[in-house]
Amino acid sequence: MKYKAVISDYVWPSLDIEQKLLGSHDIDIVDCNNSTKEELIEEVKDADAIIFCFKEIDAEILEAAKKCKVASRYGIGVDNIDIEKCTELGIVVTNIPDYCLEEVSDHAISMILSLNRRIVDHWTMVKDGGWNNLNLDIPVLRLSESTLGIVGFGRIGRTISERISSMGVKCIAYDPLLKEGDIINNIEIVSFDKLLKLSDFITVHVPLIDSTYHLFSKDEFNKMKNNAILVNCARGGLIDESAASIALDQGIIGGIGLDVIEDVSDNPSSPLFDNNNVIITPHTAFFSKASNEELQRRTCEEVIRVINNQIPENFINPEVKKI
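Residues numbered from 1 in each chain as written. Predicted model: local features only at pLDDT ≥ 70, side-chain atom pairs only at ≥ 80, totals over all residues. Heavy atoms only, no water.

As a further point, take a nonpolar patch on the surface. Taken together, the side chains of Trp123, Val126 and Trp131 make up a nonpolar region of the molecular surface, amounting to roughly 380 Å² of accessible area. When you line up the elements, Trp123 lands in helix H6 (residues 119–127). (Patch = residues over 30% accessible without salt bridge, like charges linked within 9 Å, V, L, I, M, F, W, Y side chains within 5 Å. Areas by Shrake-Rupley, 256 points an atom, 1.4 Å probe, with all protein chains shown as cover. Salt bridge = Lys/Arg side-chain N within 4 Å of Asp/Glu carboxyl O. Helix = DSSP H or I, 4+ residues; strand = E, 2+ residues; numbered from the N terminus.)

What follows is about the state of the cysteines. Tallied over the full model, the rule gives zero disulfides. Left without a disulfide partner, Cys233 is nearest to the cysteine sulfur of Cys100, which lies 10 Å away. The thiol of Cys300 is unpaired, and the distance to the nearest cysteine sulfur, on Cys53, comes to 12 Å. On the accessibility criterion, Cys300 (0% relative accessible area) is buried. (Disulfide = S-S within 2.5 Å. Buried < 20%, exposed > 50% of the residue type's maximum accessible area, 1.4 Å probe, protein only.)

What follows is about the sheet that holds strand E8 (residues 183–184). Strand order in the open sheet made by the eight strands is E8-E9-E7-E6-E10-E11-E12-E13, with mixed pairing throughout. The open sheet has two free edges, formed respectively by E8 and strand E13 (278–280), since each of these has just one partner strand. As judged from the four bridges shared by strand E11 (residues 229–232) and strand E12 (residues 255–258), these two strands associate in the parallel manner. If you follow Asn232 over to E12, its bridge partner there is Leu258. Its contacts with the sheet put helix H5 (residues 101–116) on strand E6 (147–151), strand E10 (201–204), E11, E12 and E13, and the angle it makes with E11 is roughly 155°. (Pairing = 2+ DSSP bridges. Contact = heavy atoms within 4.5 Å. Axes fitted to C-alpha atoms, helices over the stretch in contact; angles between N-to-C directions.)

The next thing to look at is helix H10 (residues 241–249). Think of an α-helix as turning once every 3.6 residues; residues three or four places apart then point the same way. For H10, the set of buried residues is Glu241, Ala243, Ala244, Ser245, Ala247 and Leu248. Tucked inside the fold, the buried residues of H10 contact helix H9 (218–223), E12 and E13. Looking at where H10 begins, the residue whose side-chain oxygen comes 3.3 Å from the main-chain nitrogen of Ser242 is Asp240. Following H10 by one or two positions, Gly251 has its phi on the positive side, about 70°. (Polar contact = N/O pair within 3.5 Å; in protein donor to acceptor, adjacent residues only side chain to side chain.)

What follows covers the pattern of salt bridges. Taken as a whole, this structure holds 22 salt bridges when the rule is applied. Within this structure, Lys4, Glu43 and Asp46 form a network of salt bridges that share partners.

With that out of the way, let us pick up the side chain of Ser199. Take Ser199: it is sitting in the loop between helix H8 (192–198) and E10. The class of Ser199 is buried, set by a relative accessible area of 0%. For Ser199, the side chain forms a polar contact with the main-chain nitrogen of Gly149, separated by 3.3 Å. Reaching out from Ser199, the side chain makes a polar contact with the backbone oxygen of Leu195 at a distance of 2.7 Å. Setting aside residues no more than four positions away along its own chain, Ser199 makes contact with Thr147, Leu148, Gly149, Ile172, Lys225 and Ala228.

Below you can see the structure in the form of structure tokens.
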């Protein structure tokens, strides 16, 4: 029996891995990477699986997918699919929560190091003819005398703490699911306010939900050190970019590194585009050749499991009716 998997979107060069792996299990793929929403809806009508990356998979798309058994996310976050609707329709939602721990950790640490050393600003100054215009009245910190606050102490947060601790940086962490005062992996769990006040660097690794939308805004910036550097490689809505831009202009904080922004249109904009000591990358923290190949393979394997009436490794909505 032949099955059909619709791939809504992806950002790598080809679907060779998907074609080979799914094809070996009698699953044909349909590439909808450049399709309109209407075209995607048409294709999912007889699909057994939806594989998605950044595209919004809303109730309208899901309701059209009458045969669909599984929606498998290329990645960690699942805020771009209507999980409640999937559960109602009996569609299993899966993700790959642990495929790029090293890559995201390295990306966040790279941003912290670069922003602390003012690498981008100094490079801009040099190429604009300002080799002799160096101003050393800037708060570049010695790593062994600095503190990193990790907001969200899950897999990525713990990997970052292990890697950056080897550079002499002291780490503390806040996580609403962990008890203040606990010591985990030699890292003290503290309150959010305490983390804001003590940290020279802050890196954010929490999901985007109602309670975390604009988790960092004017009040939080005012509690931070005036040379603090904030890095977000998680979700764009966690940072109030307008408030962050003002805080940078006024010297309330020292730098911002983002791998995600709120405006993800074809021509994105952000108030932070006009600030100094800002690094913004196009949601590439996850990437390395190895991590991407692993992501493609494991996302397909989840589809194969569910289509073959097996429990997926990462079951986002286990309350869905039994497979």
